[in-house]
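Here's the letter readout for the chains.
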Amino acid sequence: MNGVKVAFCSAHLDYRNCALYLPRGYDGSSWEKLDAPKTDLNVIREDNLASKRDDAIQVFLSDAKKELEKGSLVFLGGDFNEPSHRDWVEENKNLYDHNGVVMEWTNTLSLENSGFIDTYREIYPNPISHPGFTYPADNPLVDIKRLAWSPDTDDRDRVNFYFLLSQCKTKFKRGYYCWPQRVG
């Protein structure tokens, strides 16, 4: 783009072992209702890591490093089927049927530790005033209980993200422009 290499990667990560359902009282692969919510962080973490999402993110990070070495700007967007570590925090542990769980979700944390920025949380850092739900999708013609995988719980969450490498971030109003200054 205007002489700048851009590597834009899209993701639709593994939907199985969607551990965000465990604290809400549902199995994250069959979506069957459990006898009780599972709030043990070790159980949630183990189920979450049984998916292939973390493997996919590691492959992406390896490729992103190569793209960065070639001088490319690197972006990642898509459906992670996993929440953000910035969203399951102390302040909302009793909202949205988190049932007291504060969780450091693997993939957003890995991306952040590798220098990527969650653009939504950069603009709206407060998960209470701006939860940024991306799931379930709102459709005014269909009852929300029919759109959710766990209809007896509040499973609103932010599982779709847009990340960019922090080295290319220039904040301009409410958008991001990572092009060199000469491009404007």
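Higher on the page you've got the structure.
Position numbers for residues count from 1 along each chain, tracking the sequence in the order it is written. Under the rules for a predicted model, residues below a pLDDT of 70 receive no local features and side-chain atom pairs below 80 are neither given nor counted, while totals for whole chains, interfaces and linings still include all residues. Only hydrogens and water are removed before side-chain values are computed, so all heavy atoms of the structure are retained for them.

### Examining the sheet that holds strand β2 (residues 73-79)
(1) Moving on: Strands are labelled as partners when DSSP assigns at least two bridges between them. Helix and strand definitions follow DSSP, with helices as H or I runs of at least four residues and strands as E runs of at least two, each counted in order from the N terminus. Spatial ordering of the open sheet is given by β1-β2-β4-β3, a layout of four strands whose pairing is mixed. Bordering the open sheet on either side are β1 (6-12) and β3 (116-118), each of which pairs with just one other strand. For this sheet, the mean angle separating the axes of adjacent strands, direction not counted, is 20°.
(2) Moving on: Judged from the five bridges that link them, β2 and strand β4 (residues 160-165) form a sheet pairing that is antiparallel. Bridge pairing in β4 places Asp79 opposite Asn160.
(3) Moving on: In this analysis, two residues are considered to be in contact whenever any of their non-hydrogen atoms come within 4.5 Å of each other. A fitted line through C-alpha atoms represents every axis, and for helices the fit uses only the stretch in contact; the resulting angles, taken between N-to-C directions, go from 0 to 180 degrees. Strands β1, β2, β3 and β4 of the sheet are contacted by helix α2 (residues 53-69), whose axis makes an angle of about 160° with β2.
(4) Moving on: Helix-sheet contacts for helix α3 (residues 106-113) involve β2, β3 and β4, and the interaxial angle to β4 is about 15°.

### Digging into the pairing of β2
(1) Moving on: A large share of β2 lies buried, amounting to six of its seven residues.
(2) Moving on: Where β1 and β2 come together, seven bridges link them in parallel fashion. The residue bridging Ala11 from the neighbouring strand is Gly78, located in β2. Classification of residues uses two cut-offs on accessible area relative to the type maximum, computed with a 1.4 Å probe and protein chains only: under 20% is buried, over 50% is exposed, and between them is partly exposed.

### Thoughts on unusual backbone geometry
(1) Moving on: The omega torsion across Tyr135 and Pro136 is -10°, close enough to zero to call that bond cis.
(2) Moving on: Structurally, the position occupied by Pro136 is in the loop between α4 (119-123) and α5 (144-147).
(3) Moving on: In this model, Asp97 sits at a positive phi of 55°, which is unusual for a non-glycine residue.
(4) Moving on: Within the secondary structure, Asp97 is located in the loop between β2 and α3.

### So, the packing of aromatic side chains
(1) Moving on: Between the rings of Phe, Tyr and Trp (Trp by its six-membered ring), a pair exists once the centres lie within 6.5 Å; its type follows the angle of the planes, with under 30 degrees stacked, over 60 edge-to-face, and the other angles tilted. One pass over the structure, following the stated rule, counts 13 aromatic pairs.
(2) Moving on: Measuring from centroid to centroid gives 6.0 Å for Phe8 and Tyr162, while their planes differ by 35°, and the two rings are tilted. Here the residue Phe8 occupies a position in strand β1, and Tyr162 occupies one in strand β4, the gap between them amounting to 154 residues.
(3) Moving on: Exposure remark for Tyr162: the relative accessible area of 33% places this residue in the partly exposed category.
(4) Moving on: When the centroid spacing of 5.0 Å and the interplanar angle of 75° are considered together, the rings of Phe80 and Phe161 count as edge-to-face. Residue Phe80 is found in the loop between β2 and α3, and its partner Phe161 is found in strand β4; the two are separated by 81 residues along the sequence.
(5) Moving on: Relative accessible area serves as the criterion here: at 0%, Phe80 is assigned to the buried category.
(6) Moving on: Accessibility expressed as a relative area gives 5% for Phe161, which makes it buried.
(7) Moving on: Feature note: the residues Tyr15, Tyr21, Trp31 and Trp149 constitute an aromatic cluster, connected by ring pairs.
(8) Moving on: In this structure, Arg16 is placed above the aromatic ring of Tyr15, and the distance from its NZ or CZ to the ring centre is 5.9 Å. Distance and angle both matter: a charge sits over a ring if NZ of Lys or CZ of Arg is within 6 Å of the ring centre and within 35 degrees of the ring normal.

### Quick word on the side chain of Asp79
(1) Moving on: For Asp79, the location among the structural elements is in strand β2.
(2) Moving on: One buried charged residue, Asp79, remains without a salt bridge, the closest side chain of opposite sign being Arg53 at 8.3 Å.
(3) Moving on: In terms of polar contacts, Asp79 uses its side chain to reach the backbone amide nitrogen of Asn81, at 2.9 Å.
(4) Moving on: What Asp79 contacts, discounting residues up to four positions off in sequence, is Ala11, His12, Leu13, Val159 and Asn160. Residues counted as positive are Lys and Arg, residues counted as negative are Asp and Glu, and His and the chain ends are not counted. Note on definitions: salt bridges are taken to be side-chain nitrogens of Lys or Arg within 4 Å of carboxyl oxygens of Asp or Glu. Side-chain atoms alone can form a polar contact between residues adjacent in sequence; in general such a contact is a pair of N or O atoms within 3.5 Å, and within protein one must be able to donate a hydrogen while the other accepts it.

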